[in-house]
Amino acid sequence: MNKEIHQLSSDVVDKIAAGEVVERPAHLLKELIENSLDAGADQIEVDIDEGGKSLKVTDNGKGVRSEELPLVFARHATSKIDQSDDLWNLSTFGFRGEAIASISSVSRLKFLSLRQGENQAYRIDCEFGKLSPVTETSLSQGTQVQVEELFSNIPARLKFLKSDSAEVTQIKNVLKAMALQYPMVDWKVRLKGKLLFFWKKTDSLLERAQAVLETKNLFSHQKDFDGYKVNVVFSDPATVVKVSRQIWLFVQNRWVQDKTLQAAVMEAYRSLLMHGQYPICYVSLQCPPDEVDVNIHPTKSQVKFMDSKKAFRAVHYCLREAIEQAPWLGRKSKNQDTFAPIQEVTAAPLEFQQKDFQRTQFQQKRRWEPAPSATNPSMMDLRRAAQEGFEGAVVDRPTGSDHASSVPEAYWSSLQVIGQVDLTYIVAQAKDRLLLVDQ
Ligand code: ADP
Ligand code: MG
């Protein structure tokens, strides 16, 4: 009688595992880059083509010994851990020893390496799981891994890939995350042979974040919290986006998706953002290794905290403390040229401003809550009033038109300018009301 239950062949096992580890080209690229970082590289070059189905990563890391090259492709073969105890003290990205085994079962892979201190580089190829012998090659340093025809032996998997541009978008996000976390690495990225990103190495996290996230309106802060170390780079509350994708979270140097930490970020910005607005924010949390499990997901994109409330508090506390100092106010006044200064401001007595503002705040009470325990609450509240009040009592729009251009000049010249908020809003008084004008 034929057996109904049988052991799967290693080829099928590899293909199943490939589905977990490398669901999309971006995951694959992440694995290759993590290997380069684990090898101590500080120069990484990436070439992308065919919507990520063709990828090449070149690094200047320590390389692999020629006699160990075939082991790179063996499942559960790794240079990074020895015993299960090591899982709780990981200092490397890799430890499963299955990325290259999985990737090489679903692509044509070329692995070239020059072991540090040696003169001769070697190469080994693997075509859809079939290894070739090790041969001599030329390579000036480190390791180069080239993947081509990804998934072409599994048409069903190919069908699940999105359009080339959608896959490339995902790849760009992975690259940005890696570059954010590794400012001390030179990154050069080419798409179809054309330079896409070039991030020069820097020891300033803020500088790297400004380059990668493409905005100068960022500020940084660092805090130790009960054994946890938190680093944040964050935007001012006016530099916002409509999606949460620009909140970049890292735990133990790993880019993660984590609802708890995301909630901590949003809570820190609470009362400063309108519904549907998200900040641009980088958060890196380092915990004692035995307080977080990074081995709960095949792509290592999620972590499990022993005490998630503590993780929440650490991030919230650090970010809130930084936000309450409103560092953007200082930068703007130091840097007047970049923000149009207001002309001819007629200063009104302080007493009047506060009295009037308090009344406005009172009218608005049901629409917004004041920022809790802000260092500079009146400024913060006014910022919020400015943002939320445009449809409310603080905003005056001359009847009959929504367009500033069609407002008669006489109307504007009848206003008495009281002052300016956050170098963004002009506070003015009309006959019977207070106005905030967005410059
Ligand atoms: P893991 O990273 O979990 O160990 P991988 O399958 O990703 O498993 O890699 C297997 C082994 O191949 C690594 O442990 C490492 O020794 C070696 N290796 C892979 N890529 C590189 C690289 N770019 N530079 C140096 N060694 C590498
Ligand atoms: Mg690896």
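Residues numbered from 1 in each chain as written. Chains lettered and ligands numbered in written order. Predicted model: local features only at pLDDT ≥ 70, side-chain atom pairs only at ≥ 80, totals over all residues. Heavy atoms only, no water.

Q: Give a description of the sheet that holds strand E14 (residues 254-256) that names residues and reports values.
A: Spatially, E10-E11-E16-E13-E14 is the arrangement adopted by the five strands of the open sheet, whose pairing is mixed. In this open sheet, the two strands that pair with only one neighbour each are strand E10 (218-225) and E14. If you compare each strand with its neighbour and ignore which way they point, the axes differ by 20° on average. Sheet analysis places E10 next to strand E11 (residues 228-235), joined by eight bridges and oriented antiparallel. Across the sheet, residue Lys-223 finds its bridge partner in E11, namely Val-230. Each of E10, E11 and strand E16 (281-286) touches helix H7 (residues 205-212); the most contacted strand, E10, lies at about 135° to it. With respect to the sheet, helix H8 (residues 259-268) is in contact with strand E13 (247-251) and E16, its orientation differing from that of E13 by roughly 130°. (Pairing = 2+ DSSP bridges. Helix = DSSP H or I, 4+ residues; strand = E, 2+ residues; numbered from the N terminus. Axes fitted to C-alpha atoms, helices over the stretch in contact; angles between N-to-C directions. Contact = heavy atoms within 4.5 Å.)

Q: I'd love a proper account of the side chain of Arg-24, names of residues and values included.
A: For Arg-24, the position within the fold is in the loop between helix H1 (10-21) and helix H2 (25-38). For Arg-24, a relative accessible area of 16% translates into the label buried. Side chain to side chain, Arg-24 and Glu-167 meet in a polar contact 3.1 Å long. (Buried < 20%, exposed > 50% of the residue type's maximum accessible area, 1.4 Å probe, protein only. Polar contact = N/O pair within 3.5 Å; in protein donor to acceptor, adjacent residues only side chain to side chain.)

Q: So, the packing of H8 against helix H9 (residues 308-324): which residues are in play, and what are the values?
A: Contact geometry for H8 and H9: axes closest at 8 Å, N-to-C directions at 30°. Relative to H9, the element H8 is oriented roughly parallel. In this structure, H8 meets H9 at a crossing whose hand is right-handed. Of the residues in H9, those touching H8 at Thr-260, Leu-261, Ala-263, Ala-264, Val-265, Glu-267 and Ala-268 are Ser-308, Ala-311, Phe-312, Val-315, His-316, Leu-319, Arg-320 and Ile-323. Of the residues belonging to the contact of H8 with H9, the class tally is 10 nonpolar, three polar and two charged. (Parallel < 35°, antiparallel > 145°, perpendicular 65-115°, else oblique. Left-handed = near helix turned anticlockwise from the far one by under 90°. Nonpolar A, V, L, I, M, F, W, Y, C, P; charged D, E, K, R; others polar.)

Q: Tell me what's going on with the nonpolar core, and back it up with residues and numbers.
A: Counting 55 residues, the largest nonpolar core has Ile-33, Ile-44, Val-46, Phe-111, Leu-175 and Trp-187 as the members making the most contacts within it. Broken down by element, the residue count for this core peaks at seven residues, all from helix H6 (residues 164-181). Setting aside residues no more than four positions away along its own chain, Ile-44 makes contact with Ile-33, Ser-36, Leu-37, Val-57, Thr-58, Asp-59, Val-185, Asp-186, Trp-187 and Lys-188. Membership of the second largest hydrophobic core comes to 34 residues, among which are Ile-247, Tyr-269, Val-303 and Val-315. (Core = buried A, V, L, I, M, F, W, Y, C linked by side-chain atoms within 4.5 Å.)

Q: For unusual backbone geometry, give the residues involved together with the corresponding values.
A: Phi at Asp-226 takes a positive value of approximately 50°, unusual for a residue other than glycine. Here Asp-226 lies in the loop between E10 and E11. The backbone of Ser-271 sits at a positive phi, close to 80°, despite the residue not being glycine. Structurally, Ser-271 is set in the loop between H8 and strand E15 (278-279). We classify Ser-271 as buried; its relative accessible area is 9%.

Q: Outline the pairing of strand E9 (residues 194-199), supporting the account with residue identities and numerical values.
A: Both strand E8 (residues 186-191) and E9 contribute to a ladder of five bridges, which runs antiparallel. Directly across from Leu-191, in E9, lies its bridge partner Lys-194. In sequence, E8 turns back onto E9 through a hairpin of two residues, with Lys-192 there showing a positive phi of about 50°.

Q: Lay out the pairing of strand E1 (residues 43-49) in plain terms, naming residues and giving numbers.
A: Relative to E8, E1 runs parallel, the two sharing six bridges. In the strand pairing of E8, Ile-48 is matched with Leu-191. The sheet contact formed by E1 and strand E2 (residues 54-59) spans six bridges and is antiparallel. Bridge pairing in E2 places Val-46 opposite Val-57. What sits between E1 and E2 in their antiparallel hairpin is a turn of four residues, with Glu-50 showing a positive phi close to 50°.

Q: Please give an account of the pattern of salt bridges that cites residues and values.
A: One pass over the full model with this rule turns up 19 salt bridges. Across the pair Asp-164 and Lys-53 runs a salt bridge whose closest N-O atoms are separated by 3.5 Å. In this pair, Asp-164 sits in helix H6 while Lys-53 sits in the loop between E1 and E2, placing the two residues 111 residues apart along the sequence. Arg-108 is the partner of Glu-149 in a salt bridge, and the nearest nitrogen-oxygen pair spans 2.8 Å. Taken together, the residues Glu-149 in the loop between strand E7 (143-148) and helix H5 (155-160) and Arg-108 in strand E3 (residues 108-113) connect sequence positions 41 residues apart. Judged by its relative accessible area of 38%, Glu-149 is partly exposed. Salt bridges linked by common partners bring Glu-45, Asp-47 and Arg-190 together as one network. (Salt bridge = Lys/Arg side-chain N within 4 Å of Asp/Glu carboxyl O.)

Q: Which residues make up the environment of Tyr-122, and what values go with them?
A: By secondary structure assignment, the location of Tyr-122 is in strand E4 (residues 121-127). Along the backbone, Tyr-122 and Val-134 are 12 residues apart, and their C-alpha atoms lie at a distance of 6.6 Å. Those residues in contact with Tyr-122 that lie beyond four places of it in its chain are Ser-66, Leu-69, Phe-111, Leu-112, Ser-113, Val-134, Thr-135, Glu-136 and Thr-137.

Q: Lay out H7 in plain terms, naming residues and giving numbers.
A: All of the buried residues in H7 are Leu-205, Arg-208, Ala-209, Gln-210 and Val-212. Two residues or fewer past H7, Glu-214 is found with a positive phi of approximately 55°.

Q: Please give an account of H6 that cites residues and values.
A: With 18 residues, H6 extends 26 Å from end C-alpha to end C-alpha; this agrees with the ideal 26 Å at 1.5 Å per step. By the burial criterion, the buried members of H6 are Glu-167, Val-168, Ile-171, Val-174, Leu-175, Lys-176, Ala-177, Met-178, Ala-179, Leu-180 and Gln-181. (Expected span 1.5 Å × (residues − 1).)

Honestly, it's all geometry; don't read function into it.
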